[in-house]
Each structure stands twice: as structure tokens, then as C-alpha cells.
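The lines below spell out each chain.
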Amino acid sequence: MTILWPIALITFKEGIRNRAIYGITLVALLLFGATALVATMIPRDVGKVSVDMALSTVSFTGLLIVLFVGINLMAKDLDKRTIYTVLSRPISRPQYIVGKFLGMTMLIIVTMSILSLLAMAAIIMLKVLHADYFTRFTWQAIILADCLIVLMLIVLSAVSFLFASFTSSSFITLVLTIITYIIGQSLNGVKALIESPPQELGFSVSPMTMKLVQAAYYLFPNLSLFDIKLQASHALSVQSSFVLWTMMYGVVYIVLSISLAALIFRRKEFP
Amino acid sequence: MRSLVIVIFLFLTVALHVLSLGNAVNASRTLPKDEDRPFVLPSQMLKIVALEFRGLASDIFFLDSMVFIGGTQTRREIPRVKEWEWRWFAKTLDAATDLDPYFFDPYFYANAFLPWDAGMAEEANRILRKGSQYRDWDWMLPFFVGFNNFFFLKNDEEAAGFLMEASRRPGGDPLFASIAARLAFKENRTETAIYFLEETARNSANIGIKKRFELRIKALRSIVFLDKAVAEYKKKVGKMPATIEDLVNKKIINQLPIDPYGGRYYITQDGRVTSTASSELEPYLSSFAKEIRK
């Protein structure tokens, strides 16, 4: 741990100094402004709209951070050749990967906490203005949804580390991570769609496609599991067993991705 | 000198910008549009495409339909809203409530416009039944389904069932149960209708929609009043009045009520009171008149 800490800290500092953070914060502020604007246009369900817009903003800006700050952090050392000076120190390549990932996790948690506070400020403001239309509303549900968003982003970041360990450019990592995000968010829906009875579907699915989707189901992270924004915005009940299993799934997926990334990175040849 | 040239250049560019934008937007209105094809992606597809932003997508679909309704209010042509536009409106609300079946506002809009203005009571009820199933804490949605069944679809049995359901839910008026009973015995249909409308108006957050419901209540009350007068005239005089003014001439009533829709009341050949303007209530009136004449 003592070896990992300096790397984690420097990664975090590098990330927080990134100019892209300013741009992303600006986007977040604009979106929170839009939340306030749109929510006041809704005749009745103001509570629902403000909660799901605020949480969607947190999730979307977090995604931008993972894609445009996180991936750069990993690639910079390789592009600028600073990795040689790091690896010439008494530190192994797996330790380097894990240290970097811890730094990235810190960055996600810190930036997401700030964004969540902004989101809550937006919700509180709307709640004060339209108290009558917040009948179904609990903070617990919102905080839980927020925590799962953060975990989702850490999982996605772990996957991006895995891609970065074997691709040669950060652009390919970016594309692969975006594809993973899209597949991960739509997997559940696609699987449910192709498994529904053909007469309901209107077309038949070939067995090959079925197998492909099933393979993808286990290969790609099931990111839609971490999405309980809908439940949070209507204060619907979420079972604790669901939360525990999902968190465990997230942690296991992170451990798997980072271990694989470390294994691959050990054998990587630098230019 | 040079800075002056730059200022003039910038000024001209801005002017050109405004000019070209205005003309492009105007000219774009002449482009052929894909009208008559109310296309909304199927919900199963939308759920996948929306990724983790289903709630947001639902909000956007609802806002879309809201903006559409707002835009039709200032139209001059008749009919104000075309048939394919209503189909698009229904599909959009259906999509919004498929993306987030717990979202209340699209249901409210479906109920406020589809049965009344679009003549799509069945479609409205299909959407509302979905809402009633998901929002199982909400008395208003089964109440709306019940009303549409009673008022537009003339299905009293189903109306009674949904009203009982509404009365059982938190916040539901126990009175709903007695209306349900009334429906079961087919009594006092008009007062029941007025009560229904009053309840809906009371729960409208949107002032515009509330006003529309109040207008309907007023129109319904006047017509009920005139219909009763016609029945009384028939009993007194022994024949149907030839014109509506006969009711005042024979002192059955003091004066004719004013039609809130701006029309004029008259008696049709089959003895029904109706107005030159309040066609919104038409589906109800024909059955009501039959009942009065019995």
C-alpha cells in the first residue's frame, strides 16, 4: 500500500489539474440550470423530473470524466514516455496499474461527491419552490442511486484500464470504452427483447444472434444494473438484497478487470 | 482606419447572419414534410436506445406533447388539430409512459385531451389503465378510466369497477363508491357526470386545463337545465316546443342560459337541446337526451 499511495496521489492530482475538468464542470452547471428550468415547466410531477434530471446530469458528467480525463491519465505516461522514469523506480508494473487505478477511483469519488452536492442543491431549491409536488420523495433513495452511479463509473473506468493495457493508442481505448458503455447499458434490454416470444417480437431471432448476445451478457459489464434513477425519482422500494448483490458484482468486475489489465501490462512492450 | 474596417466588416457579417437565418428558417417551412405519418419509435426500441436516461427521455417526450398542445391553441384552421396529429400525440404519450410508467403528467394530458378533443377515449383508457396498474397508490388514474368508460364509452359496468378501485386507494373519496353504485343502477347520469368533472377540475394543476373542465361543467349544467325545461314544457303543453324561445314565452324558464362556448342553444328535430358551439359534449348529450325523454 505504501508503494501504491504516491502513484495514486499523483494520478489524482494530475486528474484534478486537467483543464477538461473545468469544461465538464461548466457542462454540469448548465445541465443543473436546465433541470431547474425544465422542472418548473412540468405541471405536476416536478419532484420526479427534478430528481431524474439531476441524477442523469451526475451520471452523464461522470461519464465525461471517465472518458476524457481518466483515459488520458493512463495514456499520458505512455505518450510522453514518462513511464520509463516511473518504472525505473522499485515498483512493479502491476503495482503501477493498481496505483493508477486507485488514483482514478479517488478522482471519480471526489468529483462525483462535488457534483452530487450540486445536484442535491438543485433538488433542494426545486423542493422549496414546489413543495406540494414532492409527495413521493426520499433522500435515502436518491443517495443510494447516486452511490450506484459512482460504482458504475468506477467499473467503466476499470474496463478502460483493461483496454489501455493492450491498445497502442488512447483513441482506441476511448472508442472501446464508449462501445462498452453503450453495450453495458443496453444489454439487459436487448437480452429481454430477443428472449421475448417471436409472435410478440414480429420477427424471429437466429440462434447465432442469441448465442452472441448471451456471450456478450457475461463478457461486458452489465451497467444497467447500477441504474436505479427511475426508482429513486418515484421513491419506489429497492430491496437490500439487490443493492448488496449489485455492489458485489461491481466490485468483482473491477477486481477482474484490473487483475487482467495488470497481467497484460506485465508483458507489454513499450515503444 | 484599420479598426474601422474591422468594425464595419463584423457589423455586416452579423447583419448577414440575422438575414440568412431568418430566410433559411422561413424557406425551411416550404420543405415537404412527412405529414400523415405519426411515427414514434416502438417503446421496446426506445428503452434500449435511451440507455440509462430513460427517465430523461420520458420527460422529453412529455415536453414534446406539451409544446404541441400549446402550439395548437393559437391555430385558426378547422379542425384545429388534424387527425394524424392526434395519433402522433397519443403515441408520444404512450412512449413517454412506457419509458417511465410511473410519470403522472403524461397520463393527465392523455386524459385531458384524447377523449375530449381527439375522440380517442379507448386509446386514452388504454394508456390510463397502464398508469393505474403501475401507480397503485394513485386514485386519480382509475378515476379517469372510470369516467371515460361512463361518459364516452357507455360502459357503466367497467366504470363502476374502476371507481370502486379509486375509492379504495389512499386519498380517494369514499363517495366514488356510491357513484359506482349509482352507475350500477343507471341512476342520475347527469349529476354523476357533473360530479366527475368537478372532481377532475379540482385536481388540475394547470390553470388552462382547469378552465376547460369548468367550461364543460357549465355547458353541461345549462343543457341539463334546458332539457328538463323541455320535458316540463311537453308535460304542460302536450307537444314539443318548436323553438328554444318557446320555453321563455311559456314562462317555463325566465331566460335562456348563455352557452360558455359562445354558441346559441337550439332544439333539434328529434327534440334534443344542443348548441351551435358545444360539440365537445356531443357524445354524451345524445344518450342523455334519450334518457330524459323516457
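Keep in mind it's a predicted model, so treat the numbers as computed, not measured.

Take the overall build of chain B next. Regarding its fold elements, chain B presents 13 helices and 2 strands. Per-residue burial over chain B gives 34% buried out of 294 residues. Long-range pairs, those at least 24 residues apart, make up 50% of the contacts in chain B between residues at least 6 apart in sequence.

Below, the discussion takes up the overall build of chain A. When its secondary structure is counted, chain A shows 11 helices and 0 strands. Along chain A, from the amino end to the carboxyl end, the secondary structure elements read α-α-α-α-α-α-α-α-α-α-α. Structurally, chain A occupies a C-alpha span of about 65 × 50 × 30 Å along its principal axes. Scored against the burial criterion, the 271 residues of chain A give a buried share of 41%.

What follows covers helix 3 (residues 46-79) of chain A. All names here are of chain A. Under the 1.5 Å per step criterion, the end-to-end length of helix 3 is 48 Å for 34 residues, consistent within 8% with the ideal 50 Å. Taking the largest bend as the criterion, helix 3 deviates by roughly 35°, centred on Leu-73. Just downstream of helix 3, Arg-81 is the residue with a positive phi angle, here 65°.

Let's shift gears to the nonpolar core. Across soluble globular proteins, nonpolar side chains have a tendency to be buried as a group. Judged by nonpolar contacts, the single largest core of 133 residues is most densely connected at A:Leu153, A:Val155 and A:Ala158. Here the element with the most residues in this core is helix 6 (residues 139-166) of chain A; it accounts for 18 residues. Residues from two domains meet in this core; each of domain 1 (38-134) and domain 2 (224-293) of chain B gives at least three. What A:Leu153 contacts, discounting residues up to four positions off in sequence, is A:Gly62, A:Leu63, A:Val66, A:Ile108 and A:Met112.

Let us now look at the packing of helix 2 (residues 20-41) of chain A against helix 5 (residues 93-129) of chain A. Axis angle and axis distance: for two packed helices, these are the angle between their axes and the distance between the axes, and together they describe the pair. Residues and elements named next belong to chain A. Where helix 2 contacts helix 5, the two axes come as close as 10 Å, and the packing angle between them is 20°. Here helix 2 lies roughly parallel to helix 5, going by the angle between them. For the pair helix 2 and helix 5, the sense of crossing is right-handed. Contacts between helix 2 and helix 5 involve Ala-28, Phe-32, Thr-35, Ala-36 and Ala-39 on the former and, on the latter, Leu-115, Leu-118, Ala-119, Ala-122, Met-125 and Leu-126. Across the contact of helix 2 with helix 5, the residue classes break down as 10 nonpolar, 1 polar and no charged.

Residues and elements named next belong to chain A. Where helix 5 contacts helix 11 (residues 240-267), the two axes come as close as 8 Å, and the packing angle between them is 140°. Classified by the interaxial angle, the pair formed by helix 5 and helix 11 is oblique. Helix-helix and strand crossings are classified by hand; for helix 5 and helix 11 the assignment is right-handed. Of the residues in helix 11, those touching helix 5 at Arg-93, Pro-94, Ile-97, Val-98 and Phe-101 are Ile-258, Ala-261, Ala-262, Phe-265 and Arg-266. Looking at the contact of helix 5 with helix 11 residue by residue, the classes come out as 8 nonpolar, no polar and 2 charged.

Looking now at the interface of chain B and chain A. In this assembly, 19 residues from chain B lie in contact with 24 residues from chain A. Those elements that place two or more of their residues in the side of chain B that touches chain A are helix 2 (43-49), helix 3 (54-72) and helix 5 (104-113) of chain B. For the side of chain B that touches chain A, the element with the most residues is helix 3 of chain B, which contributes 5 residues. Looking at the side of chain B that touches chain A, its residues break down into 10 nonpolar, 3 polar and 6 charged.

With that out of the way, let us pick up unusual backbone geometry. When glycine is set aside, most residues are seen to have a negative phi, and most peptide bonds are trans. All names here are of chain B. Backbone geometry places Leu-51, a non-glycine residue, at a positive phi of 50°. Structurally, Leu-51 can be placed in the loop between helix 2 and helix 3. Look at Lys-154: it is not a glycine, yet its phi comes out positive at around 55°. If you trace the backbone, Lys-154 turns up in the loop between helix 7 (140-151) and helix 8 (156-168). Overall, Lys-154 belongs to the partly exposed group, with 13 C-beta atoms counted inside 10 Å.

This paragraph deals with helix 1 (residues 2-28) of chain B. In this model, helix 1 of chain B (27 residues) spans 38 Å end to end at C-alpha, consistent with the 39 Å of a helix rising 1.5 Å per residue. Counted residue by residue, helix 1 of chain B has 0 buried out of 27 residues, so it is predominantly exposed.

Turning our eyes to something else, we now look at the confidence of the model for chain B. All names here are of chain B. This prediction gives chain B a mean pLDDT of 82; 88% of its residues lie at or above 70. When mean pLDDT is taken per element in chain B, helix 6 (residues 121-134) scores highest with 94 and helix 13 (residues 282-293) scores lowest with 50. Contacts of residues 289-294 to residues separated by more than four positions or lying in other chains number 6 contacts, the stretch itself having pLDDT below 50.

Now for the environment of B:Leu220. Here B:Leu220 is to be found in helix 11 (residues 207-237). Considered as a pair, B:Leu220 and B:Pro32 are 188 residues apart in the sequence and their alpha carbons are 43 Å apart.

Inspection of the secondary structure puts A:Ser56 in helix 3. Between the alpha carbons of A:Ser56 and A:Arg17 there is a distance of 25 Å; along the sequence they are 39 residues apart.

Cut-offs applied
- What you see as residue numbers is a count from 1 along each chain, following the sequence as written.
- Here the convention is simple: chains get letters from A, ligands get numbers from 1, in the order in which they are written.
- Side-chain atom pairs in this predicted model are given and counted only at pLDDT of 80 or more, local residue features only at pLDDT of at least 70, and totals for whole chains, interfaces and linings cover all residues.
- Strands are runs of DSSP state E lasting at least 2 residues, helices are runs of H or I lasting at least 4, and numbering of each runs from the N terminus.
- Counting other C-beta atoms within 10 Å of a residue's own tells you its class, since 20 or more makes it buried, 12 or fewer makes it exposed, and anything in between is partly exposed; those C-beta atoms are placed from the backbone.
- Throughout, a residue-residue contact means that the two C-beta atoms, derived from backbone geometry, are no farther apart than 7 Å.
- Multiplying 1.5 Å by the helix residue count minus one yields the expected span of that helix.
- A residue's bend is the angle separating two fitted axes: one through the seven residues that end there, the other through the seven that start there.
- Buried Ala, Val, Leu, Ile, Met, Phe, Trp, Tyr and Cys residues whose C-beta atoms connect them within 7 Å together make up a nonpolar core.
- Where each domain starts and ends follows an automatic or database-derived domain assignment.
- The axes used here are C-alpha line fits, helices contributing only the stretch in contact, and every angle between their N-to-C directions lies in the interval 0 to 180 degrees.
- Should an angle fall under 35 degrees it is called roughly parallel, over 145 degrees roughly antiparallel, and 65 to 115 degrees roughly perpendicular, with every other angle called oblique.
- We call a crossing left-handed when the near helix sits turned anticlockwise from the far one by less than a right angle, and right-handed when that turn is clockwise.
- For this scheme, ten residues count as nonpolar: Ala, Val, Leu, Ile, Met, Phe, Trp, Tyr, Cys and Pro. Four count as charged, namely Asp, Glu, Lys and Arg, and the remainder, Gly too, count as polar.
- Known as pLDDT, the predictor's per-residue confidence is scaled from 0 to 100.

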